[in-house]
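Below, each chain spelled out in residue letters.
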Amino acid sequence: MSPTILNVVSGKGGTGKTLLACVLADMLGNAADSRTVVVDLDFFVRGLTSLLYFHQDEKLEITGGDVVTVAHFFAKKQAVPISNLAVLKYRSFDVVPAVDRIDERLNFDDIGPNTQEEARRILSSLIRSLGNQYSYIILDSRAGYDELVSAAHELSRASICVEEQDPISRITSENLISQLSADSRVPVFRLVNKVRGIRSVTDFRSGSQSVTDLGLIPFDMDILSSFGMHSFWDTVAGSLYRWALAKSWNVLSAKLQLKTELQMPRVSPVVDERAESILGFLGTKERVLFAYGALLGVLGIGYGFVGREVLLALREDPTRAASIAIGIAGITLATFASFKKR
Ligand SMILES: Nc1ncnc2c1ncn2[C@@H]1O[C@H](COP(=O)(O)OP(=O)(O)OP(=O)(O)O)[C@@H](O)[C@H]1O
Ligand SMILES: [Mg+2]
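Residues numbered from 1 in each chain as written. Chains lettered and ligands numbered in written order. Predicted model: local features only at pLDDT ≥ 70, side-chain atom pairs only at ≥ 80, totals over all residues. Heavy atoms only, no water.

Colleague: Give a detailed account of the nonpolar core, specifying residues and quantitative values.
Modeller: Residues Val23, Leu245 and Trp249 are the most contacted members of the largest nonpolar core, which totals 51 residues. Residues contacting valine 23, with those up to four places away along its chain left out, are Phe232, Trp233, Val236, Tyr241, Arg242 and Leu245. Listed in part, the 27 residues of the second largest apolar core include Phe43, Leu85, Ile137 and Ala152. (Core = buried A, V, L, I, M, F, W, Y, C linked by side-chain atoms within 4.5 Å. Buried < 20%, exposed > 50% of the residue type's maximum accessible area, 1.4 Å probe, protein only. Contact = heavy atoms within 4.5 Å.)

Below is the structure:
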């Protein structure tokens, strides 16, 4: 079965393509029968390869060994598939890095394809070098438009244009979409990222959308500040961001009749993968029962141990009772903060 190729684009930079490509690839990689690879086509900005750099304990050397990265594949104007394309494992998916070293300097004249035809030829041989082992190939394209973005679009099943809510972002994405649509009949879908004011799953309107809209992805401050850090994937797990992305994927999957539907992930109030894995076996109803059960347990056992006299004494001494209540609140906060930190 040949892979489904999806191209992630944007009119202006920094809208969230790379983050989205990674989180989506991780969800797909964890789903049954959907091996996924992400190709860093943005060899100058190389956001995806930077994520690998942080993952590999900040070693400047990304690949090592006799393998060919995207930039070198293009520099050699490689027109036939090769067996030593650099493919690195990252969590549940694979990555084709843009460069060998994260600080590698490149000469645009050597690398950037001169014509759309040349870009299409080289990119298609790079894709063929990946073989048929993948269900999904996600292309992390550069922001804006050039020969390579256009070639990536033409070779894909669809392009996903990530935009933000501001008017400049909207105009740049409309311009890009009209250019890509003139190049080829491959569909372009729009995804609005970093949407403010969405705090829970109930904030997602189920109103009518245009046929090319995939939905809204909320702005998440914790994701922004942890991108690239060790805590990043813990932050993503259980986030509304991941939930919204799974929802948008399922919209895309239905429109394109793809074979993978993602399970809607649980949105965790604890926002910690380890805590979530402990609580994971409990549904919302069970969590509420668990909380009441724990409260009754503490009160019952507490009363059993300290006895009626102590409780009555507390009634006589409200300052002491308030102090105990503050103490319990403090311990609860500290426990919560330490869970979040981990
Ligand atoms: N929904 C979101 N909420 C909060 N921060 C986000 C969100 N999406 C992306 N970001 C942050 O925005 C910044 C840019 O994201 P990213 O690098 O994925 O964008 P990009 O479109 O790939 O950029 P470039 O055009 O430079 O390749 C990152 O710091 C990322 O963590
Ligand atoms: Mg990027």
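Once you've had a look at it, read on.
Colleague: How would you sum up the site of ligand 1? Please name residues and give values.
Modeller: Lining the immediate environment of ligand 1, one finds 18 residues, of which Lys17, Thr18, Leu19, Pro218 and Asp220 sit closest. At 3.1 Å from an oxygen atom of ligand 1 is found a main-chain nitrogen or oxygen belonging to threonine 15. Backbone polar atom of glycine 16 to an oxygen atom of ligand 1: 3.0 Å apart, as the coordinates give it. Notes on ligand 1: free accessible area 630 Å², of which the protein chains cover 86%. (Near = heavy atom within 4 Å. Polar contact = N/O pair within 3.5 Å; in protein donor to acceptor, adjacent residues only side chain to side chain. Areas by Shrake-Rupley, 256 points an atom, 1.4 Å probe, with all protein chains shown as cover.)

Colleague: Tell me about empty space enclosed by the protein, and please be specific about residues and values.
Modeller: This model, assessed by the stated rule, comprises 1 cavity of 30 Å³ or more. There is about 50 Å³ of room inside the largest cavity. In this structure, the largest cavity is lined by Leu20, Leu24, Ile160, Leu191, Leu214, Leu245, Ser248, Trp249 and Leu252. Ranked by residue count, the leading element in the lining of the largest cavity is helix H10 (residues 240-256), at 4 residues. The residue inventory of the lining of the largest cavity, partitioned by class, reads 8 nonpolar, 1 polar and no charged. (1 Å grid on protein atoms, 1.4 Å probe; cavity = no way out; pocket = protein on both sides within 12 Å on 5 of 7 lines; lining within 4 Å. Points joined across faces, edges and corners; volume = space filled by probe spheres on them. Helix = DSSP H or I, 4+ residues; strand = E, 2+ residues; numbered from the N terminus. Nonpolar A, V, L, I, M, F, W, Y, C, P; charged D, E, K, R; others polar.)

Colleague: Tell me what's going on with the environment of lysine 194, and back it up with residues and numbers.
Modeller: Note that lysine 194 resides in strand E7 (residues 188-195). When its relative accessible area of 26% is taken as the criterion, lysine 194 is described as partly exposed. Taking the C-alpha atoms as reference points, lysine 194 and glutamate 163, separated by 31 residues in sequence, lie 8.6 Å from one another. The residues touching lysine 194, leaving out its near neighbours within four places in the chain, are Gly14, Thr15, Glu164, Gln165, Ile217, Pro218 and Phe219. Here glycine 14 takes part through its backbone oxygen, which lies 2.8 Å from a polar atom of the side chain of lysine 194.

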